[in-house]
Amino acid sequence: MTKKIFLLQFSLILLIFVFPPIFVKNGQNAALDLSKFNFFVLVNFCAALLLLAQKRMAEGPRSAAGTEASPRSAAQETEARPKMAADPKIFERPKRAASLLRAAVFASRVLVCYGSLLLLGIFFYVAQKFLEGGSAQVTLPQNFTGALACAFTLFAAALFEETVYRWHLPWALKKIANPKGGGEPETAASQRGGAAQTAANPKTGAETWKARAFFWGTEAACAVLFALAHRWQGALAVLNAFFAGIALRVCAVKAKGLAPGIAAHFLYNASALLFSL
């Protein structure tokens, strides 16, 4: 993707999906209809799928680099195949154990993230009852079709917001600032290397600190944009979304993926709907 096309795509996402919710009229009398399919929800869902496809393409070079040693490993597996054929069940248990471990890690990440969101939601829900005395009016489904529409709306909202605010915006801003790199927070090893470079070369150290400042400024800007997208629900909902966005971003960085955050976000949306009953 050329730089001009990338900037055009990023501008369209800002204009079509990010900025409009910020300027929606504030108020607790806003209505949310979850009993039928919404065209804009479908548009957001399709946009999220396209961005996920772009994410997969952007991560392609990394996976390709990781498969450079695959011919040698394949040859080794070919040589060892006659030995393994004698007792193929030997390798079934490790594979099952690895699958169970991955499932346990995924579930733990979802539960930790969901628990954080739930605690924030309960706190701001109680505060809203005491301070603002109201909440957005929600139209609940009355039949099976409405229930499907409601479930799709909650999932599409989680998928869209996680894809846009937890991946695309941070990734795109860092890519615009540094086309050759940018990404997740630095590791301890890279921080030590940066400190060594700072001591050895003041100019390089200044550039390192500038990059760090831009990184955290980008993270803060994405959290603020996500919070302001909930302005239509009231001031306390904006604060809740700000801290929830931070928790979800940490989950995405730690998990190196969006799946745990999407699951936790969907569960939180469903829990918030139950609170509104």
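All values reported here derive from a predicted model rather than from experimental measurement.

A word on the overall build of the protein chain
- Looking only at helices and strands, the protein chain features 10 helices and two strands.
- Its helices and strands in sequence order give the protein chain the pattern α-β-α-α-α-α-β-α-α-α-α-α, from N to C terminus.
- Residue burial in the protein chain is summarised as follows: out of 277 residues, 32% are buried.
- Within the protein chain, contacts between residues at least 6 apart in sequence are counted, and of these 86% link residues at least 24 apart.
- Surface summary for the protein chain: the accessible area is close to 17,400 Å², and the carbon and sulfur share equals 68%.

So, helix α10 (residues 259–275)
- Between its terminal C-alpha atoms α10 stretches 24 Å, which fits the 24 Å expected from 17 residues at 1.5 Å a residue.
- Looking only at α10, the buried set comprises P260, G261, I262, A264, H265, Y268, N269, S271 and L273.

Comments concerning helix α1 (residues 3–22)
- Taking 1.5 Å of rise per residue, 20 residues should cover 28 Å, and α1 covers 27 Å from first to last C-alpha, within 8% of that figure.
- A maximum bend of about 35° is found in α1 at L14.
- Taken as a whole, α1 has its buried residues at F6, Q9, F10, I13, L14, F17, V18 and I22.

Things to note about the confidence of the model for the protein chain
- Considering every residue of the protein chain, the mean pLDDT works out to 80; 72% of them sit at 70 or more.
- Of all helices and strands in the protein chain, the one with the weakest mean pLDDT is helix α7 (residues 188–200) (46), whereas helix α9 (residues 235–255) scores best (95).
- Within the model, pLDDT remains below 50 along residues 63–70, and this stretch shows zero contacts once partners closer than five positions in the same chain are excluded.
- Taken together, the stretch residues 184–199 has pLDDT below 50 and engages in 13 contacts with residues farther than four places along the chain or on a different chain.

Parameters and conventions
- Residues numbered from 1 in each chain as written.
- Predicted model: local features only at pLDDT ≥ 70, side-chain atom pairs only at ≥ 80, totals over all residues.
- Heavy atoms only, no water.
- Helix = DSSP H or I, 4+ residues; strand = E, 2+ residues; numbered from the N terminus.
- Buried < 20%, exposed > 50% of the residue type's maximum accessible area, 1.4 Å probe, protein only.
- Contact = heavy atoms within 4.5 Å.
- Areas by Shrake-Rupley, 256 points an atom, 1.4 Å probe, with all protein chains shown as cover.
- Expected span 1.5 Å × (residues − 1).
- Bend = angle between axes of the 7 residues up to and from the residue.
- pLDDT = per-residue confidence, 0-100.

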